[in-house]
Amino acid sequence: MSSVVETVTAMVTPILEEQNFELVEVEFVKEGKSWFLRVFIDKDGGIDIEECAWVSEKLSEKLDAADPDPIPQAYFLEVSSPGAERPLKKEKDYEKALGEYIHVSLYQPVDGEKQYEGFLQSVDAEQLILKIRIKTREKELILDRKNIAKARLAIQF
């Protein structure tokens, strides 16, 4: 984890705890010539734009007051909800996603594929079980957690 992400995580956490908001993810990325500091937040029932704006204002004040400046280069601050395709990062994210349709990207192929979508049937520290559809039949697929590069909620079409 980069020092910017660690520093911002430490700065934003008390702001979020004050409102019972959850920190989903902090990312600091360069896109083209611009840097973006993105903070994804949520709460039970969903987060709204006014709440995102409030957190953005409070975090911006903390970042501006910090000495030395934790982010010396110019950047854009974005505070938003994780959206319908929320990433699954923490153990409780997986637990809340039980029975939900998810997308999983793998480091190493399983049955010749590195990406799967299906319903999350079970999860523990070692593996998860997805119910996937292959043409007209359903199959349970066991995936090792250590092989999961990314997982997120998905919209089923």
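Residues numbered from 1 in each chain as written. Predicted model: local features only at pLDDT ≥ 70, side-chain atom pairs only at ≥ 80, totals over all residues. Heavy atoms only, no water.

The chain has the name Ribosome maturation factor RimP in an unreviewed UniProt entry, where Enterococcus hirae is given as its organism. Quoted verbatim from the Subcellular location (unreviewed entry) field of the UniProt record, the comment on the chain reads "Cytoplasm". (UniProt positions renumbered as here; feature names shortened; annotations may be inferred.)

A separate point is the sheet that holds strand β2 (residues 34-42). With respect to topology, 3 strands assemble into an open sheet ordered β1-β2-β3, the strand pairing being mixed. One side of each edge strand has no neighbouring strand; the edge strands of this open sheet are β1 (22-31) and β3 (76-80). Across the sheet, the mean angle separating the axes of adjacent strands is 15° when strand polarity is ignored. Bridging between β2 and β3 involves 5 bridges; their strand directions are parallel. (Pairing = 2+ DSSP bridges. Helix = DSSP H or I, 4+ residues; strand = E, 2+ residues; numbered from the N terminus. Axes fitted to C-alpha atoms, helices over the stretch in contact; angles between N-to-C directions.)

With that settled, consider the pairing of β1. The side chains of a regular strand alternate, residue by residue, between the two faces of the sheet. With 9 bridges joining them, β1 and β2 adopt antiparallel strand pairing. The partner of Glu25 across the bridge, within β2, is Phe40. Where β1 folds back onto β2 in an antiparallel hairpin, the turn is made up of 2 residues, including Gly32, whose phi is positive at roughly 65°.

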